[in-house]
Amino acid sequence: MNLFLYRFFLNRTGQLSFLPDSKGGDSRSNLLQDVFVKSYHFRQGRAELGYVCERNEDDVVFAKFGRRTTQEVIHAPENHFKREMEETWPHANVFIRLDSDPNTGQVIAVEQQHRAFYKPLSSLEALANKINKTLSCEGYFLSIHPVTTEQDFWGLVEKGGDNIEKVSFSFSAPNLLNLEGALTEDLKKLRAEYNATETSLSLANPIGKLKILKTSKFVSEGVEYVRKGGGEYKLKAKGQWHRSKDMCKYNTIDVTIDLKTTDKETFISTLKELTKL
């Protein structure tokens with residue numbers, strides 16, 4: 001199966017928690033466990049979505065995420081080939097890794113299922129918005145970003161040539177990624193000083209003469225941060241916008257076991273393989 005890869009961030013908003021941490025220990029880990037093992041049925045605009053946890057073992061979750069639609073059913077000859085619209089829920093398998101390892105943890109892998117979601121990110125963002133209604137009273141905010149490749153960005157820069165008008169970066173506060181560099185340190189300072197869960201910065205030249213060089217420390221670190229799933233970029237060249245959220249990295253992996261019935265150890269090792277970046 002093809003799996004789109006995303007990283008999620010859980011950051012404090014500064015609001016005080018009104019609910020006790022009934023499980024004790026690390027409240028962040030407990031919250032992630034709590035919200036991803038629940039079921040959700042909600043709307044995204046005119047679409048109706050549903051998320052159901054199928055199995056949870058330690059710090060990995062197997063779930064299904066789908067969208068309500070209808071399909072035409074043609075009945076048998078004795079029913080005069082009557083045509084009728086029937087409700088159906090095409091869905092994708094979802095694999096979530098909750099551990100806090102900065103290289104491998106807090107990852108979501110979504111099976112590519114075009115009938116359910118042509119591009120899963122907007123629906124995952126809608127799921128995050130639904131979950132944030134629960135998290136808000138705990139003083140946390142969940143955000144989800146695609147994992148991309150560095151080549152995507154620099155390929156766009158090369159293609160844009162001398163016609164780049166604007167580049168914008170948006171970064172989630174670094175509560176997980178341990179990338180070294182001035183950008184990560186600056187983001188940590190902004191989070192501490194302003195309680196910022198997200199930081200955005202844009203560079204622009206309206207006549208299309210913006211210089212984006214690989215020797216730029218800020219741009220290089222920003223691209224790496226986005227590549228790891230820590231944010232998003234937008235680049236405008238020749239009047240056209242290009243977005244990192246449209247360039248999600250994916251893995252192709254074969255799964256030959258029943259994830260509902262296999263033993264715990266095999267289940268955990270399989271999901272860790274499925275969510276490997």
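Up top you'll find the structure we're talking about.
Note that the structure is predicted; figures quoted are calculated from it, not measured.

Chemist: Looking at this structure, how should I read the pairing of strand β7 (residues 91–97)?
Modeler: Every other side chain in a regular strand lies on the same face of the sheet, so the side chains alternate between the two faces. Burial of β7 is extensive: six of the seven residues sit out of reach of the surface. Two elements, strand β4 (residues 60–67) and β7, share seven bridges in a ladder whose sense is antiparallel. Bridged to valine 60 within β7 is arginine 97. Here four bridges tie β7 to strand β8 (residues 107–111), and the two strands are oriented antiparallel to one another. By the bridge assignment for β8, phenylalanine 95 is matched with alanine 109.

Chemist: Hey, could you run me through the environment of phenylalanine 42 in this one?
Modeler: Looking at the element boundaries, phenylalanine 42 is found in strand β2 (residues 40–44). Given the relative accessible area of 8%, phenylalanine 42 is considered buried. Separated by 85 residues in the primary sequence, phenylalanine 42 and leucine 127 place their C-alpha atoms 8.3 Å from one another. When near neighbours in sequence (up to four residues on either side) are disregarded, phenylalanine 42 contacts Ala47, Glu48, Leu49, Phe65, Ala126, Leu127 and Lys130.

Chemist: Hey, could you run me through the pattern of salt bridges in this one?
Modeler: Side-chain pairs of opposite charge can arise whenever the charged atoms involved come near each other. One pass over the full model with this rule turns up 15 salt bridges. The shortest N-O distance in the salt bridge between glutamate 48 and arginine 43 comes to 3.7 Å. By relative accessible area, arginine 43 is classed as exposed at 53%. The partner of arginine 68 in a salt bridge is glutamate 48, and the shortest N-O contact between them spans 3.7 Å. With arginine 68 in the loop between β4 and β5 (69–74) and glutamate 48 in strand β3 (residues 47–57), this pair connects stretches of sequence that are 20 residues apart. Through salt bridges with shared partners, a single ionic network connects Arg43, Glu48, Arg68 and Glu87.

How each quantity is defined
Residues numbered from 1 in each chain as written. Predicted model: local features only at pLDDT ≥ 70, side-chain atom pairs only at ≥ 80, totals over all residues. Heavy atoms only, no water. Buried < 20%, exposed > 50% of the residue type's maximum accessible area, 1.4 Å probe, protein only. Helix = DSSP H or I, 4+ residues; strand = E, 2+ residues; numbered from the N terminus. Pairing = 2+ DSSP bridges. Contact = heavy atoms within 4.5 Å. Salt bridge = Lys/Arg side-chain N within 4 Å of Asp/Glu carboxyl O.

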